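# A closer look at the structure
These are the residues of each chain, in order.
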Amino acid sequence: GTLTQNRMEVAAYHVDGRRQLAVPSAPGTAGPWARLLTALALNNDAARGGDGALAGDPTEIALFLAAERAGYDPTTLATRLPRVAEIPFSSERGRMTTLHRDDEGILVCTKGAPERVVTCCADQLGDAGVGPLCPEAVLQAADEMAREGLRVLAVAMRRLVEVPAEVSPDTVEAGLTYLGLVGLRDPPRPEAQEAVARCQSAGIRVVMITGDHPATAQAIARMLGILPDGEGVLTGRELARLSPAEVAIRVGAVHVYARVAPEQKIAIVKALQDSGEVVAMTGDGVNDAPALRRADIGVAM
């Protein structure tokens, strides 16, 4: 959101093993499509105000509009299937879950990072009904979408008879049925590439730190001139396996970090400072606040 326009739009879906571009009308009518679009409408905190304007996170607004345009009005569905509990998104889990009551009991809707959602799924829903899940195929499809610069979310559902006595990831986010992937496009800001080039010409090394998929981060970083040819992306999982001495060495050369947790942002800033660098940190989210405070210069966007 700092380097991109932060105006998300759904660009593509991947459902039942098939890729489909987003269109204004309903992308499909079979079982997985109906469930997927229902989940996008319900597992959503965006809201339309009295003036008709949408308020909320840009990603959720994009999902709200995609469902609405396909005939799954989130406002109407929220009335018919009221939310009775939720497990909010956290960077540690990488997903968000909401529970809704209907005539059959409780409908559980989960969305989040593909690798964090698929591990909670026991099967998948296709045109022919519920069948076995191939996690590798799902993650490969997500990677292909991410390499195009799309932000990719996986969507899943399950049914419960009643709300558990304890609503937790262990009691709710297990045994899910995988529904599909949603790819969102967030174009780079027109002025971002020029800003990066001006920083670099002034001797400032520009580094991207994001919670997004590594392939998404790589695509956006290449568009903006941040990632040199032939250089890869360091993930938060890889960073966690490094010793402090190894981190001190790597931060001097890495230009793009992906799937990074908030506490790792602080560690990166500190490692750069310990190596003698003066660090300016920009950020536009609450999770960026500790790193903004730690940096020599904190720029809240």
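Note: the structure precedes this text.
The sections below set out a description of the structure shown in this document. On a predicted model such as this, the values are computed, not experimentally measured, just so you know.

Conventions adopted
- Residues numbered from 1 in each chain as written.
- Predicted model: local features only at pLDDT ≥ 70, side-chain atom pairs only at ≥ 80, totals over all residues.
- Heavy atoms only, no water.
- Pairing = 2+ DSSP bridges.
- Helix = DSSP H or I, 4+ residues; strand = E, 2+ residues; numbered from the N terminus.
- Contact = heavy atoms within 4.5 Å.
- Axes fitted to C-alpha atoms, helices over the stretch in contact; angles between N-to-C directions.
- Buried < 20%, exposed > 50% of the residue type's maximum accessible area, 1.4 Å probe, protein only.
- Patch = residues over 30% accessible without salt bridge, like charges linked within 9 Å, V, L, I, M, F, W, Y side chains within 5 Å.
- Areas by Shrake-Rupley, 256 points an atom, 1.4 Å probe, with all protein chains shown as cover.
- Salt bridge = Lys/Arg side-chain N within 4 Å of Asp/Glu carboxyl O.

## A look at the sheet that holds strand 12 (residues 208-209)
Judged by pairing direction, the sheet is parallel, and its three strands sit side by side in the order 12-14-13 without closing on themselves. Two strands in the sheet have a free side with no partner beyond their single neighbour: strand 12 and strand 13 (234-235). Judged from the two bridges that link them, strand 13 and strand 14 (residues 256-258) form a sheet pairing that is parallel. In the sheet register, Thr235 faces strand 14, and the bridge partner there is Ala258. With respect to the sheet, helix 8 (residues 214-224) is in contact with strand 12, strand 13 and strand 14, its orientation differing from that of strand 14 by roughly 150 degrees.

## Concerning the pairing of strand 8 (residues 121-126)
As defined by bridge partners, strand 8 adjoins strand 11 (residues 176-185) across three bridges and the pair is classed as parallel. Bridge pairing in strand 11 links Cys121 to Leu176. Hairpin connection of strand 8 to strand 9 (residues 129-131): two residues between the antiparallel strands.

## Overview of the environment of Leu272
With respect to the helices, strands and loops of the structure, Leu272 is situated in helix 11 (residues 262-274). Between the alpha carbons of Leu272 and Val251 there is a distance of 6.5 Å; along the sequence they are 21 residues apart. Excluding residues within four positions of it along the chain, Leu272 makes contact with Arg205, Val251, Glu277 and Val279.

## Details of the environment of Asp229
Positionally, Asp229 belongs in the loop between helix 8 and strand 13. Its relative accessible area of 75% is what places Asp229 among the exposed residues.

## A few points about unusual backbone geometry
Look at Asp16: it is not a glycine, yet its phi comes out positive at around 55 degrees. With respect to the helices, strands and loops of the structure, Asp16 is situated in the loop between strand 1 (9-15) and strand 2 (18-21). With a phi angle near 50 degrees, Arg259 is a residue other than glycine that sits in the positive phi range. Residue placement: Arg259 occurs in the loop between strand 14 and helix 11.

## Here we look at a nonpolar patch on the surface
There is a patch of nonpolar side chains on the surface, built from Val278, Ile297, Val299 and Met301 and spanning about 380 Å² of accessible area. With respect to the element layout, Ile297 can be found in strand 16 (residues 297-300). A relative accessible area of 44% means that Ile297 is categorised as partly exposed.

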